[in-house]
Amino acid sequence: MSSFAIRHAAIFTVDPRDRVVPAGTLVVQDGIITQIGDDREVNIPEGCEVIDARGHALLPGLIDCHSHSSLMRGVTENMPLMEWLPWYQLEHRAMTEEFAYHSARLCYLEALQSGTTCVMDMFRFMDRCADAAAELGLRVQLAPYVADKPGKDFFSTREENRRLIHSHHETRNGRIRVWMGLEHLFYCTGDAYREAAQLSREYGVGIHTHCSEQKEEEQAVTAELGRRSLAMLDHYGILGERTLLAHCVWLNDDEIARVADTGTSIAHCPVSNAKLASGVARVPEMLAAGVTVGLGTDGPVCNNSLNMFEEMKFASLIQKAARLDATTMPADQILRMATINGARALGLDGEIGSLEVGKKADLLLLNLSRANMTPVSVNEEGGNLLWNLVFSAGSTNVAGVWVDGVRLIDNGEAVQVSQRSVIAAAQFQGLALQEACRTLSHTRTTMV
Ligand SMILES: [Zn+2]
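Residues numbered from 1 in each chain as written. Predicted model: local features only at pLDDT ≥ 70, side-chain atom pairs only at ≥ 80, totals over all residues. Heavy atoms only, no water.

This paragraph deals with the sheet that holds strand β8 (residues 139-144). Spatial strand order, β6-β7-β8-β9: four strands in an open sheet with parallel pairing. Of all the strands in the sheet, the pair left with one neighbour each is β6 (62-67) and β9 (176-178). Each strand axis lies, on average, 15 degrees off the axis of its neighbour in the sheet, ignoring direction. Pairing of β6 with strand β7 (residues 116-123), which is carried by four bridges, proceeds in the parallel orientation. Each residue of the ladder has a partner; that of I63, found in β7, is C118. Packing against the sheet, helix α2 (residues 97-113) makes contact with β7 and β8, and its axis sits at approximately 150 degrees to β7. (Pairing = 2+ DSSP bridges. Helix = DSSP H or I, 4+ residues; strand = E, 2+ residues; numbered from the N terminus. Axes fitted to C-alpha atoms, helices over the stretch in contact; angles between N-to-C directions. Contact = heavy atoms within 4.5 Å.)

A separate point is the pairing of strand β3 (residues 32-38). Relative to β3, strand β2 (residues 20-29) runs antiparallel, the two being bridged by six bridges. Counterpart to V27 in the pairing with β3 is Q35. What sits between β2 and β3 in their antiparallel hairpin is a turn of two residues, with D30 showing a positive phi close to 50 degrees.

A common measure of how large an interface is: the accessible area buried when the components associate. In terms of domain boundaries, the chain breaks down into domain 1 (3-60 + 354-414) and domain 2 (62-345). The C-alpha-based centres of domain 1 and domain 2 are spaced at 28 Å. Of the residues lining the interface, 30 residues belong to domain 1; the matching set on domain 2 comes to 29 residues. Interface area, domain 1 with domain 2, both sides summed: about 2400 Å², of which 65% is carbon and sulfur. It is V14, V390 and F391 that lose the most area in domain 1 upon contact with domain 2, and together they represent 24% of the buried surface on that side. (Domains from an automatic or database assignment. Buried area = accessible area lost by both parts, 1.4 Å probe.)

Before going further, it helps to examine the packing of aromatic side chains. If you walk through the whole model with that rule in mind, you get seven aromatic pairs. Seen from their ring centres, F4 and W402 are 5.7 Å apart, and the 20 degrees between their planes marks the pair as stacked. Here F4, found in strand β1 (residues 3-12), pairs with W402, found in strand β16 (residues 398-403); they are 398 residues apart in sequence, far enough to count as distant. Here F4 matches W402 in class, with each residue buried. Seen in terms of ring centroids, Y88 and Y145 are 6.2 Å apart; in terms of plane orientation they differ by 55 degrees. Their pairing is tilted. Separated by 57 residues along the polypeptide, Y88 in helix α1 (residues 81-94) and Y145 in the loop between β8 and α4 (158-168) bring together distant segments of the chain. Since its relative accessible area comes to 1%, Y145 is described here as buried. (Phe/Tyr/Trp six-rings, centres within 6.5 Å; stacked < 30°, edge-to-face > 60°. Buried < 20%, exposed > 50% of the residue type's maximum accessible area, 1.4 Å probe, protein only.)

As structure tokens, this is what we get:
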């Protein structure tokens, strides 16, 4: 494999000391970071390609800890969660392997274009999502949408999840990993949770599910199952270091303590939680309790965007606004959530999430020579650039993205695939899926 050096960049390592190198060089050999430091200290190996990154910032690729690929966007708006879910089920009744493949290609492309190098995707027909990820080259965690309660047979089956582990876990140099995916307590039997816990131990795979997203849902879970969501998941034995829970908006103090004690991680999805009027997760309390919290977009249906820059900014602003406290959730904390803490939530912090020697080269290069990032002043504490990475930067600044040391985005354009053909196919397939949903709309049922 090739080796290359990125020179003269403002490097935000997000390492344990949050080291910033204002004018630095990073060397990658065979997909691994082998050197990082001040321009004057790093020796460029012979034959190494040199990329002049003057006027650019280099940081770890962003990590989306909770998403659902989809071809639907902007078609189920102005609805709270419980009203919205039956419409969402229509998409899944109409879903085919072909639609799933094009959903994943489109979403993975959008992720890469906005600087995301690793996506946790909970979706359907995930062998086809693996095909899409292999084509585009990004890192994915695949958690099939398993539902095994009667009437929910249009989601993925437990058998499909088991098969996917055997066929795809740790393939493509480890870029593709498979998780046990469980839709929700209303969709899955106790047996499904118990099996997930057992297979997680047996195969060393993670468990991903939704938890306590909305107040009304929490009340319905308690009424129907006799326990609150977190207690129910605890009862089924799935809390632990390999488990990642999406949302957790309505956790009380005891539940946050229990999440922390068990080493369970949380994927915080502030834009989706706001859009579906679910509420504001108690992230400062979670962090204070020692919970690992990553950020997630929740996909195009309930976010309309897979842009982690938007998610970062919103994650900070919504806490400041809701708490009337301008000091809560500062830029360094948010940047960690979108990188190293996301990696930790996915069990990948030994490999990705920060720029450190020995880690995989999942890199994001941002062009600072744009109006939205000007003026730039960077020092060893980050300067104004640290704040602008979180509050000003966006897809327009994405100059380069690498995963495993392979360049996937060059000047905002995909390298491995024809961007135009991915988008054209998704446009055609997306309208076909909308039409398929319309023909099924008489099957729509209410929740619970
Ligand atoms: Zn979700």
